[in-house]
Protein chains: 2
Amino acid sequence: MSKKVIPRSQNFSGWYTDVITKAGLADYGPVKGTMVIKPYGFSLWENLRDSLDKMIKDSGHVNAYFPLFIPKSFLAQEAEHVEGFAKECAVVTHSRLKAGKDGLIVDPESKLDEEVIVRPTSETVIWSMYKKWIQSYRDLPLLINQWANVVRWEMRTRLFLRTTEFLWQEGHTAHATEEEAEKETLLILSIYKKLAEEFLAVPVLTGLKSEAEKFAGAERTYCIEAMMGDKRALQAGTSHNLGQNFAKAFGVTFQTEDNKEKYVHATSWGVSTRLLGAVIMTHGDDKGLRLPPKIAPYQIVIVPIFRTDEDRQNIHHFLEPALNKFKNNGVRYYEDWSPNSPGFKFNEWEMKGVPIRLEVGPRDVNESNVILARRDTGEKKSYSINGIFSKVSELLEEIQNNLFQQALTFRENHTHSTDSYEEFKSLIKEKGGFIKCGWDGESETELRIKEETKATVRCILSDGEISKKMCVYSGKPAKYEVIFAKAY
Amino acid sequence: MSKKVIPRSQNFSGWYTDVITKAGLADYGPVKGTMVIKPYGFSLWENLRDSLDKMIKDSGHVNAYFPLFIPKSFLAQEAEHVEGFAKECAVVTHSRLKAGKDGLIVDPESKLDEEVIVRPTSETVIWSMYKKWIQSYRDLPLLINQWANVVRWEMRTRLFLRTTEFLWQEGHTAHATEEEAEKETLLILSIYKKLAEEFLAVPVLTGLKSEAEKFAGAERTYCIEAMMGDKRALQAGTSHNLGQNFAKAFGVTFQTEDNKEKYVHATSWGVSTRLLGAVIMTHGDDKGLRLPPKIAPYQIVIVPIFRTDEDRQNIHHFLEPALNKFKNNGVRYYEDWSPNSPGFKFNEWEMKGVPIRLEVGPRDVNESNVILARRDTGEKKSYSINGIFSKVSELLEEIQNNLFQQALTFRENHTHSTDSYEEFKSLIKEKGGFIKCGWDGESETELRIKEETKATVRCILSDGEISKKMCVYSGKPAKYEVIFAKAY
């Protein structure tokens with residue numbers, strides 16, 4: 001297998017799949033639409049997950065685990081919810097296989113009394129439990145998160161972005177008042193923004209989704225929305241204010257301090273392995289991945305250049321104190337002593353997106369130097385081995401910031417404002433990117449624009465300036481300032 | 001709901017379920033046989049998981065994630081494996097629900113071309129991938145672990161011990177030689193022993209399983225086996241040498257250094273949420289849980305005793321420096337400022353098994369003292385607040401060791417050696433516990449003993465002294481020294 005990837009500049013979609021496969025992030029599973037997350041990709045996920053898990057816990061939430069299987073009837077409890085999920089769910093109907101003429105067959109005698117579905121999301125099973133757990137205001141707020149796999153039987157799948165099964169966290173909280181639930185929804189949105197921007201170096205817009213794009217069963221859905229390297233939008237995370245919809249569907253009430261019986265207010269929120277798709281498509285280039293140091297499996301790769309065993313040993317001894325310092329200070333590094341050529345290794349680790357490469361050969365050892373090459377800029381410089389730890393720490397921070405800045409500049413350069421629908425159409429067609437404009441708030445308008453241009457409302461800008469704006473389509477006074485774009 | 005638990009001494013099985021429910025470890029899910037792991041129980045699991053994950057990684061393994069769904073045909077690839085798992089697996093047959101007359105129905109048009117099963121274990125799906133990933137000796141060893149949920153459609157379920165869905169880790173490794181695979185199997189066994197004994201304070205015996213008890217598809221299964229508080233045995237973890245069975249079933253060969261084509265050698269190994277059952281049943285007493293400090297969600301609970309706001313503030317200020325020191329040094333603590341009475345809180349936290357309770361009232365503040373009560377021994381003593389951090393650290397270590405020693409003594413006191421089958425039968429019937437004896441190694445003998453006494457071979461002692469021993473049943477020369485016991 002050639003280690004060169006399809007150039008991103010020529011074929012974004014081909015590049016995306018190619019880089020995932022060749023960098024060892026993921027592979028296709030045997031059942032259509034399923035994905036294997038390979039060790040390198042999983043390490044990236046673990047770093048993301050641990051960063052987010054800490055923020056979730058630090059803000060007062062606790063983790064738990066709810067069952068994979070949901071009784072079929074539960075899904076029907078909330079009217080919009082069932083609409084959203086019934087069409088694409090894995091249904092378990094039997095519990096046994098047996099030997100048949102042509103191999104293993106489903107044993108008809110093992111048919112279940114009630115079919116169960118594999119969770120596409122866990123609101124229903126969780127709210128059936130909350131009914132047992134919540135009696136009084138003393139039980140509120142209930143702030144629970146879970147890390148889990150969920151299944152949506154998607155027809156058109158794509159590694160990380162849309163797979164039949166994916167990994168995510170889903171938070172499910174219960175509150176005494178509407179205000180508290182709204183506050184929680186926004187708190188989580190801010191945590192997601194922080195995760196995206198400070199850890200993944202992916203700039204995001206935050207705001208409400210339109211009715212058409214909101215979660216099935218929510219009152220309001222807030223999102224973090226990012227621009228990918230092909231200028232298309234990616235919904236990177238959502239935080240829902242569910243109002244009392246699920247509390248009513250499952251009969252979850254609580255006794256207030258003054259002895260009244262009220263329905264509780266709910267939120268739910270989630271981000272998934274899709275975020276890895278965002279990282280890849282935001283930062284990658286023709287050479288492969290460029291990973292943000294904070295979540296990179298390896299922050300620095302050591303490529304020793306040697307011919308003889310003596311060289312090898314000298315380099316090893318020369319580096320030892322620095323590597324120990326890396327280790328003790330939590331710098332994640334990898335030493336590539338494999339027999340491959342330095343050139344091969346350079347390409348390999350560039351494709352894998354390691355932020356810094358440290359090169360060192362016999363001459364460097366003599367001069368007490370090493371060479372550091374930055375993956376983000378390609379810049380290569382020689383540094384004294386003394387103080388290399390501080391230099392590396394400094395560079396890692398610089399790279400983290402630079403990746404974010406590059407992505408932010410890219411987004412800004414490809415965000416266009418317009419009041420004219422003609423311009424809107426030509427922008428979508430010719431240039432792509434985000435279009436900032438007025439919208440009258442009508443679903444009909446959104447639908448028409450989608451039909452005519454394939455662009456949808458990605459995000460109602462929370463800080464939108466709407467005075468005097470007109471709807472780009474209808475010409476009526478705008479209700480919102482929004483971002484329209486074609487999306488994944 | 002009364003917070004008193006059914007006394008363990010009167011009804012072990014009733015106590016077990018009661019303590020799990022009342023201490024907030026877990027609850028039943030809506031689908032029969034499923035379990036909700038509540039926040040307190042999940043925190044226990046997270047501590048266990050993180051301890052093990054570190055040991056798995058430190059010994060050179062990496063994590064990955066493989067799909068939940070396995071094509072039905074895969075299960076049939078390995079003859080013994082299908083025997084072991086086909087009878088109890090969740091089968092997905094359809095991918096859509098639709099509105100019917102009486103609610104939601106399975107859409108017959110969404111029938112899958114090939115049914116998929118929800119993984120009961122992942123050997124088959126993983127080996128189908130290894131076939132793609134392994135070509136040459138350079139790709140070996142492949143040392144992969146995953147944390148995942150698995151499903152076995154069990155008829156008689158019990159919280160943590162046997163549930164339809166459970167959480168576990170499953171390691172799957174590929175090696176060039178038989179020796180390496182065997183070494184890996186034993187390395188993992190030693191890690192499992194360390195986890196059980198040093199973290200969970202659960203003493204375990206290690207050794208081979210008999211043919212009847214080994215994993216479906218393995219050449220040899222090693223286990224860690226523990227004695228529960230009712231003297232029954234619990235299989236707490238297994239490590240399998242799979243030989244070339246799965247490599248042959250999936251056609252996984254590699255090119256050796258001297259250009260030969262060989263089948264690879266495999267291992268797999270796992271421990272699950274069942275280990276929490278072991279912790280509960282090993283250490284619990286009539287008052288509830290007793291948790292080992294190393295994995296306890298809270299290592300120390302603070303119970304302030306106060307009437308006035310002034311008391312409250314004084315206590316708060318008095319404790320602050322100590323609590324900061326706890327926090328900065330990773331001591332997990334909880335402050336219970338709830339309006340419940342001290343007596344209520346004492347019972348509550350004893351039931352929840354927190355290793356140390358710190359009591360402090362206004363008089364203690366005046367005297368610069370606090371009271372520490374040990375959950376393991378019930379001992380209560382007053383200590384100066386100065387140096388309380390070292391005292392607590394010391395006590396936590398003592399409690400960890402004491403729980404282990406108590407359990408070890410219990411196991412030793414209830415392990416009996418015998419050469420007489422009459423005595424064997426009366427021991428099993430009257431006393432329970434482990435019986436150490438000779439066994440001729442015949443499956444027929446094991447089956448007979450099982451039929452007559454319900455005891456099975458739990459573990460072939462790796463350090464068994466078999467010279468001159470006779471089989472306790474057949475009187476023939478013993479092939480092994482083994483432990484027989486009734487088991488969960």
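This section reports on the structure supplied with the text. (Residues numbered from 1 in each chain as written. Chains lettered and ligands numbered in written order. Predicted model: local features only at pLDDT ≥ 70, side-chain atom pairs only at ≥ 80, totals over all residues. Heavy atoms only, no water.)

### Re the overall build of chain A
Alright, step 1. For chain A, the count of helices and strands is 14 helices and 25 strands.
Alright, step 2. Expected size for 488 residues packed as a compact globule is a radius of gyration near 23 Å; at 26 Å, chain A falls within 12% of this value.
Alright, step 3. With the C-alpha coordinates of chain A rotated into their principal frame, the extents come out at 80 × 65 × 55 Å.
Alright, step 4. A burial count over chain A gives 59% of its 488 residues as buried.
Alright, step 5. For chain A, the accessible area works out to roughly 20300 Å², and carbon and sulfur atoms hold 47% of it. (Helix = DSSP H or I, 4+ residues; strand = E, 2+ residues; numbered from the N terminus. Rg over C-alpha atoms; globule rule 2.2 N^0.38 Å. Buried < 20%, exposed > 50% of the residue type's maximum accessible area, 1.4 Å probe, protein only. Areas by Shrake-Rupley, 256 points an atom, 1.4 Å probe, with all protein chains shown as cover.)

### Topic: the packing of helix α2 (residues 39-58) of chain A against helix α6 (residues 178-199) of chain A
Packed helices, taken two at a time, are described by the angle their axes make and the gap between the axes.
Residue and element names in this part refer to chain A.
Alright, step 1. Contact geometry of α2 with α6 gives a least axis separation of 10 Å together with a crossing angle of 140°. Classified by the angle their axes make, α2 and α6 are oblique. Between α2 and α6 lies a crossing of right-handed hand. Across from Leu48, Ser51, Leu52 and Met55 in α2, the residues of α6 making contact are Ile191, Tyr192, Lys194, Leu195 and Phe199.
Alright, step 2. Among the residues making up the contact of α2 with α6, the classes are represented as seven nonpolar, one polar and one charged. (Axes fitted to C-alpha atoms, helices over the stretch in contact; angles between N-to-C directions. Parallel < 35°, antiparallel > 145°, perpendicular 65-115°, else oblique. Left-handed = near helix turned anticlockwise from the far one by under 90°. Contact = heavy atoms within 4.5 Å. Nonpolar A, V, L, I, M, F, W, Y, C, P; charged D, E, K, R; others polar.)

### Brief notes about helix α9 (residues 309-328) of chain A
All names here are of chain A.
Alright, step 1. Here α9 is 20 residues long and its end C-alpha atoms lie 28 Å apart, about the 28 Å a rise of 1.5 Å per residue gives.
Alright, step 2. At Glu320, α9 shows its maximal kink, close to 45°; a proline, Pro321, follows between one and four residues later.
Alright, step 3. Residues Asp311, Ile315, Phe318, Leu319, Ala322, Leu323 and Phe326 constitute the buried set of α9.
Alright, step 4. Packed against the buried residues of α9 are β17 (300-304), β18 (333-335), β19 (356-360), α11 (362-367), β20 (369-374) and α12 (388-413).
Alright, step 5. Gly330, located one to two residues past α9, shows a positive phi value of around 70°. (Expected span 1.5 Å × (residues − 1). Bend = angle between axes of the 7 residues up to and from the residue.)

### Thoughts on the environment of Leu68(A)
All names here are of chain A.
Alright, step 1. Tracing the sequence through the fold places Leu68 in the loop between β3 (62-63) and β4 (69-71).
Alright, step 2. Owing to a relative accessible area of 0%, Leu68 belongs among the buried residues under this scheme.
Alright, step 3. The spacing of Leu68 and Phe254 is 186 residues in sequence and 27 Å in space, taken between C-alpha atoms.

### Topic: the interface of chain B and chain A
Alright, step 1. Every contact between the two is made by 62 residues of chain B and, on the other side, 63 residues of chain A.
Alright, step 2. Regarding the contact of chain B and chain A, the summed buried area is about 4900 Å², with carbon and sulfur atoms giving 70% of it.
Alright, step 3. The interface formed by chain B and chain A includes four salt bridges.
Alright, step 4. The residue Glu46(B) makes a salt bridge to Lys57(A) at a minimum N-O spacing of 3.1 Å. (Buried area = accessible area lost by both parts, 1.4 Å probe. Salt bridge = Lys/Arg side-chain N within 4 Å of Asp/Glu carboxyl O.)

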